[in-house]
Amino acid sequence: MSSVLYDAQGPRAKRRNVVFTVVFLAALAAVLWWVYKTLDEKGQLEWVLWKPFFTGTEAWSVYIWPGLKNTLIAAALSMIIALPLGAFFGIARLSDHAWLRVPAGAVVEFFRSIPVLILMIFANAAYSEYTNVSSDDRPLYAVVTGLVLYNSSVLAEIVRAGILSLPRGQAEAASAIGLRKNQVMRFILLPQAVTAMLPAIVSQLVVIVKDTALGGAVLTFAELLAAANTMSAYYGANTIASFTVVAVIFIVINFSLTTFAGWLETRLRRGKKSTGAVLGADAVEELNTPGEHMDGTR
């Protein structure tokens, strides 16, 4: 039996796959056992090192929650600013006007080519030299600025690619019934491109959450990973325990983002399939500005 994608496996192929599976599972079990024994020999699995996270609130209230709050604040501000900025530059790169398309392309290519850590360092130096931002707030400003500059450029390319991935006939048909270019973009192209762009956009939002840790490593920004360093030193060098807890928190946050995006994408696709309304002449007339006819004359 075969399908369009592959031929059905024969007896030898099935036996070979079973052998490969057994070997892989055995190797994985051996690696996990080696990791467990190594950590146990180093004393990293002793209950005293893990106890602060399960028997009290001090580790959570003093270290983890303040660090998590700063991480979420920086990530949220970066997302709120980078998303519309990226959409603007992505659409601007598709403009017919060179005075808008060329500068937008230069900005996107410039900031997309610079590592986000360098952008954070430059932003921190700029805030220190040319603004009155306090030294306490400067790391947050620098982290958000670096994340916005880099990720808005990446999001601009995602938006541009999502719009260009749509069939050209969509725009041509909308123009044929009298819609202007900005109306084609707002009412026809963008709503359809959002569904296609959503997985890539969410992936970039996950990157934003993780890249906040760069500010803690270089700019003394008190985010979650920096809090783990301080917490590990305070509780007797429980490095493995502290960073394991922080890793789990990052996993939960990012998994929640991707799960929400999957739910939203499914909902959007269902909504598009369920709508069967046809855009009539009266509706087209309403989309045009008052006094403007279907042929564009006044």
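To start, this report covers the structure provided alongside it. Since the model is a prediction, treat every value here as computed from it, not as a measurement.

1. So, the packing of aromatic side chains
For step 1, the next point in the chain: Tallying each qualifying case throughout the model produces nine aromatic pairs.
For step 2, the next point in the chain: Measuring from centroid to centroid gives 5.3 Å for Phe 88 and Phe 89, while their planes differ by 70°, and the two rings are edge-to-face.
For step 3, the next point in the chain: With a relative accessible area of 17%, Phe 89 lands in the buried category.
For step 4, the next point in the chain: Among the aromatic side chains, those forming a connected cluster through ring pairs are Tyr 63, Tyr 234 and Tyr 235.

2. Looking at the packing of helix α3 (residues 58-92) against helix α9 (residues 224-234)
For step 1, the next point in the chain: Two numbers describe how α3 lies on α9: the axes approach to 7 Å, and their chain directions differ by 160°. Judged on the interaxial angle alone, α9 and α3 are roughly antiparallel. In the packing of α3 onto α9, the handedness of the crossing is right-handed. In contact with Glu 58, Ala 59, Tyr 63, Ile 64, Gly 67, Leu 68 and Thr 71 of α3, α9 contributes Leu 224, Ala 227, Thr 230, Met 231 and Tyr 234.
For step 2, the next point in the chain: Its residues assigned to classes, the contact of α3 with α9 comprises eight nonpolar, three polar and one charged.

3. A closer look at the side chain of Arg 138
For step 1, the next point in the chain: Along the chain, Arg 138 turns up in helix α6 (residues 138-164).
For step 2, the next point in the chain: Despite being buried, Arg 138 has no salt bridge partner; Asp 136 is the closest side chain of opposite charge, sitting 8.6 Å away.
For step 3, the next point in the chain: At 3.5 Å, the side chain of Arg 138 and the backbone oxygen of Val 133 are in polar contact.
For step 4, the next point in the chain: If sequence neighbours within four positions are ignored, Arg 138 has contacts with Asn 124, Tyr 127, Ser 128 and Val 133.

4. Topic: the pattern of salt bridges
For step 1, the next point in the chain: Summed over all chains, the structure comprises four salt bridges.
For step 2, the next point in the chain: Of the charged contacts in the structure, one is a salt bridge between Arg 93 and Glu 157, with a shortest N-O distance of 2.6 Å. Of this pair, Arg 93 sits in the loop between α3 and α4 (98-112) while Glu 157 sits in helix α6, and the two are 64 residues apart along the sequence.
For step 3, the next point in the chain: Arg 160 is paired through a salt bridge with Glu 157; the nearest N and O atoms lie 3.0 Å apart. Within this pair, Arg 160 and its partner Glu 157 are both found in helix α6, separated by three residues, close to a single helical turn.
For step 4, the next point in the chain: Take Arg 160: its relative accessible area is 24%, and that puts it in the partly exposed class.
For step 5, the next point in the chain: A relative accessible area of 15% places Glu 157 in the buried class.
For step 6, the next point in the chain: Beyond isolated ion pairs, a larger network of salt bridges with shared partners links Arg 93, Glu 109, Arg 112, Glu 157 and Arg 160.

Rules of the game
Residues numbered from 1 in each chain as written. Predicted model: local features only at pLDDT ≥ 70, side-chain atom pairs only at ≥ 80, totals over all residues. Heavy atoms only, no water. Phe/Tyr/Trp six-rings, centres within 6.5 Å; stacked < 30°, edge-to-face > 60°. Buried < 20%, exposed > 50% of the residue type's maximum accessible area, 1.4 Å probe, protein only. Axes fitted to C-alpha atoms, helices over the stretch in contact; angles between N-to-C directions. Helix = DSSP H or I, 4+ residues; strand = E, 2+ residues; numbered from the N terminus. Parallel < 35°, antiparallel > 145°, perpendicular 65-115°, else oblique. Left-handed = near helix turned anticlockwise from the far one by under 90°. Contact = heavy atoms within 4.5 Å. Nonpolar A, V, L, I, M, F, W, Y, C, P; charged D, E, K, R; others polar. Lys, Arg positive; Asp, Glu negative; His and termini not counted. Salt bridge = Lys/Arg side-chain N within 4 Å of Asp/Glu carboxyl O. Polar contact = N/O pair within 3.5 Å; in protein donor to acceptor, adjacent residues only side chain to side chain.

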